[in-house]
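Close look at the chain arrangement
Given next are the chains, with one letter for each unit.
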Amino acid sequence: MEAPSMETIYQAISALYDNPNREEKEKASVWLGDVQKSIHSWKVADELLRQKKDVQSCYFGAQTMRSKVQHSLSELPEESLISLRDTLVGHLENTSPDTTSAILTQLALAFADLVLQMISWQNCVSDMIKLFANKNDFALLEVLTVFPQEIDSSNLKLGENRREQIKMELRANSQIVTMFLKECLNNTNTHVALKVIKCMTSWIQVKAMSTQEVPNNAVIGFSLQVLKDYNSINLLHEAASDCVCSILNCLAADKCDDVQKLLFDSVSSLEESYHMAVAHEEEEKAANYARVFTEMAESLLEKIILSTMNGEKHYGLRSLELALVCVGHHDYEVAEITFNLWYRLSEEVYERDYQPLTDSFKPHIKRLIEALARHCQCEPDHANLPDDSDEFFDFRSKVMQLIKDVVFIVGSSSVFQQMFASLQGNMPWEQTEAALFIMRTVAKNIVPDEYEYVPKVIEAILSMPEDSHPAVRKTCIQLLGELCEWIEKHPECLEPCLQLLIRSLNDKNMAHSAATALQHICKSCREHAAAHVPTLLRAAALADDLQLPLHTGAALLRALASATGRLPHDQLALAMQEAVAQQLGGLRTLLASGAELRKGTRSDPVLYLDRLAALFRDVDVPPHTVDAAHPCMPAFEDVWPVVNQIMLKYVKDGRVIERACRCVRFSVRACGQWAAAALPALATALASLYAMQQHSCVLYLAAVLADALAGPATAPALAQLLRALLPPALTSLSQPQGVVNNPDTVDDLFRLCIRYLQRIPLEFLRSGALEAVMQCALLACSLDHQEANSSVMRFLNDLVCAARSSRTDQEVQRLVNETIDTYGEQLMHALLEAAVLHLHAYMLDDVAEVVVELVRLQRARGVDWLGSALRRLPRALPAATEQQCCHFHQLVLRTEAYKDVYRLLCDFAKLYR
């Protein structure tokens, strides 16, 4: 774009912030966004900051400057960076305490990001301090605050070498900064004090401050004083909490026992301040104290565990008591702050598996669960069910996960008994429901021979009055579902439980919980539930009349399928045909009508496809019991023609096609090898469907067919299907940005290739598409999509392994080796480049496996693909040094374990980011 005039810029900014017309605002936003992307924005931003016409234009200028420095610094020649630095220093020096904080922060970030990227600037931290010293301490405070925060920013590709260089400079200048901050504290201005504490926190978080200096650190001392006074200003109190939490976090990894004990004593003395904050209803401050107490407990946890194992009582145990005090706070959000502590405690105790250690923490966990039960109580004036989209529902879900994690310490039966005891007497409904909710959380772990409490609970649920509070009824239904394993061992309870749950389907508020409970119980009690298939069939037939939602209807059909799977085969075949007929009727009605599709209603084919998929998914007929025809085949033969017609009618609707493919997938899995008779029809239909519309789920279904049905007799049909599907799929991925824009196709395509390579490798390798598949794989190595990239890596790993495996057919091995010889060097480079430049660290595990297999193969062939790949990596900074590349090369060649190579790749990638 051409250079815009400043008058036009001001008009656009005014339209963006002041014009009430939404359309004009959007136009201004788009145009200003284009300005920011252009080379002219450097000059525009500078002019806006110099002219200081108004707050909006100054902020836009500062934000533009920060964005350009962060993302587009390469637009400027190297020699102009010093001039840019001086310009930013000038703008910062011209700020004052009255400058809008957002503008000051953006300018400070722009300056910090520039300094970090000026790799040639040695001693930048000390020089930076000198640039502002005695000129504008307020601006210097902001710069010193944001500078450490930006070091590890994912937006800046600094490389580990530069980051470590900067951190060393921070540590070297920490005393100067500490003295500067101490001097600033002499200013009684609260705003300055807040800035000082935030600055110290930033330096602590990057470990630039030595923990040995804590006793003499004026800012940490001041932060503790702020916390001691529960009347301190909220923002100051929060900042002080952040600062103390940061130093506690650092001390966790240090051996400074004296400093840790000193800080422990200071933090412990804050208990009275916490109680005063609670008494004066200072909720935010109570939350701050909870964060500090929890952080202290986490920092001492390992030492507490080790001392307890040695039979000693560590002083840090008091920190667990303080955390429990916070769990007892009336606000559940304060209690939630401590959750990570209890997760960590349970993990440490579980890994050590030492009963005396477990027993020592039983009192703490028992108190924790008692407090959580109180927090899980609904508001007593709520006449309806809790809203499953609000924060309280989310909190209860977290409580459930936490209790499941820690319950082994006290035992599930103990918790069940504890909650049962609290149910005695005439209790308010909300207390009853909360106790049942906790019982539901541990119910699956109750031993089947428990006779004292569970029978009484089930009896109470079965005799529950119809006018009970809906929340109590719903939790009782869910509790029944969780007691499924106990019910399996006590089949006399099964029929009344099923009757209660089926009746509950009539209540739309209870229907999904009832269907899910039915699913759990029928799955656990398959043998005994088979006798109740007629009852379940009648319930399923009413699904449409009851207007059960998608997921509820599917859960009910899964319950029916679980029970049906244990019928004698002749009865099973008839029951399955009757069950599918109920759903096929709805699909045939849709095929005959021209009704518009409306999601979740009877005009939605997905409603019936999901139920059919559920039936075949859970029918679970043991394969060893089938001798002749599979009992599910008659039902599948009824289903497939109708589903095929649905596919053709809704061929452009990806949601419908995905559900139809899912239905066929579960049907084939259920019937197993007996579905091979339907393969020719399936293959022809899928090839035709994919030619009309390239839905990636068709590729996934083809992979399932190969996995489930591959054999000498079916290989020709599968090969024909492969030849039909691969060309259009590979053509779409070979387009510009084709891989990036179609990750689902990448995922499903390589799943397909994996299955064919595993099951009918010769047909796959002779398909004529292997070269295009490999070219696509090379492109997809750098695809930043976890599932798709994982499928690509699994395919490559299987391919390379096939080249070395002694179990591989000789012809297959020859073809694979020819492919690896052709692409080995390119592949290693693609993998290494993807690892260091494109993929997240959590995605490198799969890459490491392929690298290990390729290294093993290259050794056998006397080549060095890894060395070649390292030489082709970028040399412009940030990058690894020659010495670091050599070191990485040697370590990978000597390493055989996937996990070790994964760690090496993660560390090496940091040098480029």
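Details of the structure are given in the entry above.
To start, this report covers the structure provided alongside it. (Residues numbered from 1 in each chain as written. Predicted model: local features only at pLDDT ≥ 70, side-chain atom pairs only at ≥ 80, totals over all residues. Heavy atoms only, no water.)

Here's the deal with the overall build of the protein
- Along its length, the protein carries 49 helices and zero strands.
- For the protein, restricting intrachain contacts to residue pairs at least 6 apart in sequence, the fraction spanning at least 24 positions comes to 74%.
- Accessible area of the protein: about 40100 Å², with a carbon and sulfur share of 49%.
- Distance between charge centroids for the protein: 3 Å, based on 85 positive and 115 negative side chains. (Helix = DSSP H or I, 4+ residues; strand = E, 2+ residues; numbered from the N terminus. Contact = heavy atoms within 4.5 Å. Areas by Shrake-Rupley, 256 points an atom, 1.4 Å probe, with all protein chains shown as cover. Lys, Arg positive; Asp, Glu negative; His and termini not counted. Charge placed at Lys NZ, Arg CZ, Asp CG, Glu CD.)

A short note on the packing of aromatic side chains
- Counted according to the given criterion, the structure contains 14 aromatic pairs.
- Arranged with centres 4.1 Å apart and planes meeting at 10°, the rings of Phe 888 and Phe 908 form a pair that is stacked. Placement of the pair is Phe 888 in helix 48 (residues 882-894) and Phe 908 in helix 49 (residues 898-910), with a sequence separation of 20 residues.
- Taken together, the aromatic side chains of Tyr 332, Phe 339, Phe 392 and Phe 395 make up a single cluster linked through ring pairs.
- Positioned above the aromatic ring of Phe 666 is the side chain of Arg 665, whose terminal nitrogen or guanidinium carbon lies 4.8 Å from the ring centre. (Phe/Tyr/Trp six-rings, centres within 6.5 Å; stacked < 30°, edge-to-face > 60°. Lys NZ or Arg CZ within 6 Å of the ring centre and 35° of its normal.)

Quick notes on the nonpolar core
- Counting residues in hydrophobic clusters, the biggest one holds 345 residues, and the most contacted among them are Trp 342 and Phe 795.
- For Trp 342, the contacting residues outside a window of four places in its chain are Leu 320, Ala 323, Leu 324, Val 327, Ile 365, Leu 368, Leu 402 and Val 406.
- Counting residues in each nonpolar core, the second largest holds nine residues, with Ile 9, Ala 12, Ile 13 and Leu 48 among its members. (Core = buried A, V, L, I, M, F, W, Y, C linked by side-chain atoms within 4.5 Å. Buried < 20%, exposed > 50% of the residue type's maximum accessible area, 1.4 Å probe, protein only.)

Some thoughts on a negative patch on the surface
- A surface patch of negative charge is lined by Glu 333, Asp 387, Asp 388, Asp 390 and Glu 391.
- Relative to the assigned elements, Asp 388 resides in the loop between helix 21 (362-375) and helix 22 (391-410). (Patch = residues over 30% accessible without salt bridge, like charges linked within 9 Å, V, L, I, M, F, W, Y side chains within 5 Å. Salt bridge = Lys/Arg side-chain N within 4 Å of Asp/Glu carboxyl O.)

Description of the layout of surface pockets
- Roughly 630 Å³ of internal volume is contained in the largest pocket.
- Phe 393, Arg 440, Lys 474, Gln 478 and Ser 513 are the residues nearest the centre of the largest pocket, which is lined by 25 residues in total.
- Those elements that provide at least two residues to the lining of the largest pocket are helix 22, helix 24 (429-442), helix 26 (470-482) and helix 29 (511-524).
- Take the lining of the largest pocket: its biggest share by element is seven residues, from helix 26.
- Taken together, the residues that form the lining of the largest pocket break down as nine nonpolar, nine polar and seven charged. (1 Å grid on protein atoms, 1.4 Å probe; cavity = no way out; pocket = protein on both sides within 12 Å on 5 of 7 lines; lining within 4 Å. Points joined across faces, edges and corners; volume = space filled by probe spheres on them. Nonpolar A, V, L, I, M, F, W, Y, C, P; charged D, E, K, R; others polar.)

Quick notes on helix 33 (residues 569-592)
- Along its 24 residues, helix 33 runs 33 Å from first to last C-alpha, staying within 8% of the 34 Å computed at 1.5 Å per residue.
- Along helix 33, the helix axis deviates most sharply at Gln 582, where the bend reaches about 30°.
- Residues of helix 33 that are buried include every one of Leu 572, Ala 573, Ala 575, Met 576, Ala 579, Val 580, Gln 583, Leu 584, Gly 586, Leu 587 and Leu 590, and no others. (Expected span 1.5 Å × (residues − 1). Bend = angle between axes of the 7 residues up to and from the residue.)

Side note on the pattern of salt bridges
- In the structure shown here, the tally under the stated rule is 49 salt bridges.
- One salt bridge in this structure joins Glu 321 and Arg 367, with 2.6 Å as the shortest N-O distance. A residue pair is termed long-range when its members are at least 10 positions apart, and Glu 321 in helix 17 (residues 317-327) and Arg 367 in helix 21 qualify at 46 residues.
- You can call Glu 321 partly exposed: its relative accessible area is 29%.
- Take Arg 367: its relative accessible area is 37%, and that puts it in the partly exposed class.
- Its salt-bridge partner being Asp 707, residue Arg 669 comes within 2.9 Å of it at the nearest N-O pair. Of this pair, Arg 669 sits in helix 36 (residues 654-671) while Asp 707 sits in helix 38 (residues 696-709), placing them 38 residues apart in sequence.
- We classify Asp 707 as buried; its relative accessible area is 18%.
- Linked by salt bridges that have partners in common, Arg 804, Glu 853, Arg 856, Arg 859 and Glu 896 make up one network.

Quick word on unusual backbone geometry
- A cis amide bond links Leu 877 with the next residue in sequence, Pro 878, at an omega value of 0°.
- With respect to the element layout, Pro 878 can be found in the loop between helix 47 (865-871) and helix 48.
- Look at Lys 52: it is not a glycine, yet its phi comes out positive at around 45°.
- Here Lys 52 shows up in the loop between helix 3 (41-51) and helix 4 (55-71).
- Overall, the relative accessible area of 46% leaves Lys 52 in the partly exposed class.

With respect to the packing of helix 23 (residues 412-422) against helix 24
- Here helix 23 crosses helix 24 at 165°, and the two axes come no closer than 9 Å. With respect to their mutual orientation, helix 23 and helix 24 come out roughly antiparallel. In this structure, helix 23 meets helix 24 at a crossing whose hand is left-handed. Here helix 23 contributes Ser 412, Val 415, Phe 416, Met 419, Phe 420 and Ser 422 to the contact with helix 24, which in turn contributes Ala 435, Ile 438, Met 439 and Val 442. (Axes fitted to C-alpha atoms, helices over the stretch in contact; angles between N-to-C directions. Parallel < 35°, antiparallel > 145°, perpendicular 65-115°, else oblique. Left-handed = near helix turned anticlockwise from the far one by under 90°.)

Things to note about the environment of Ala 830
- Within the secondary structure layout, Ala 830 lies in helix 45 (residues 810-837).
- Residue Ala 830 is classed as buried on the basis of its relative accessible area, which comes to 10%.
- Sequence-distant contacts of Ala 830, defined by excluding residues within four places in its chain, comprise Leu 778 and Cys 781.

A few points about the state of the cysteines
- A full pass over the atoms with the stated rule returns zero disulfides.
- Of the cysteine sulfurs around Cys 632, a residue in no disulfide, the closest is that of Cys 671, at 5.3 Å.
- Taking the relative accessible area as the measure of exposure, Cys 632 reaches 0% and is therefore buried.
- Of the residues examined, Cys 671 reaches a relative accessible area of 1% and is grouped as buried. (Disulfide = S-S within 2.5 Å.)

Some points on helix 35 (residues 633-649)
- Helix length check: helix 35 (17 residues) gives 25 Å between terminal C-alpha atoms against 24 Å at 1.5 Å per residue, within 8%.
- Along helix 35, the sharpest change in direction is near 25° and occurs at Val 639; proline Pro 641 comes one to four residues later.
- Packed against the buried residues of helix 35 are helix 33, helix 34 (605-618), helix 36 and helix 37 (679-692).

Brief notes about the side chain of Ser 273
- Its location among the elements puts Ser 273 in helix 15 (residues 271-279).
- The residues touching Ser 273, leaving out its near neighbours within four places in the chain, are Leu 227, Lys 228, Tyr 230 and Tyr 289.

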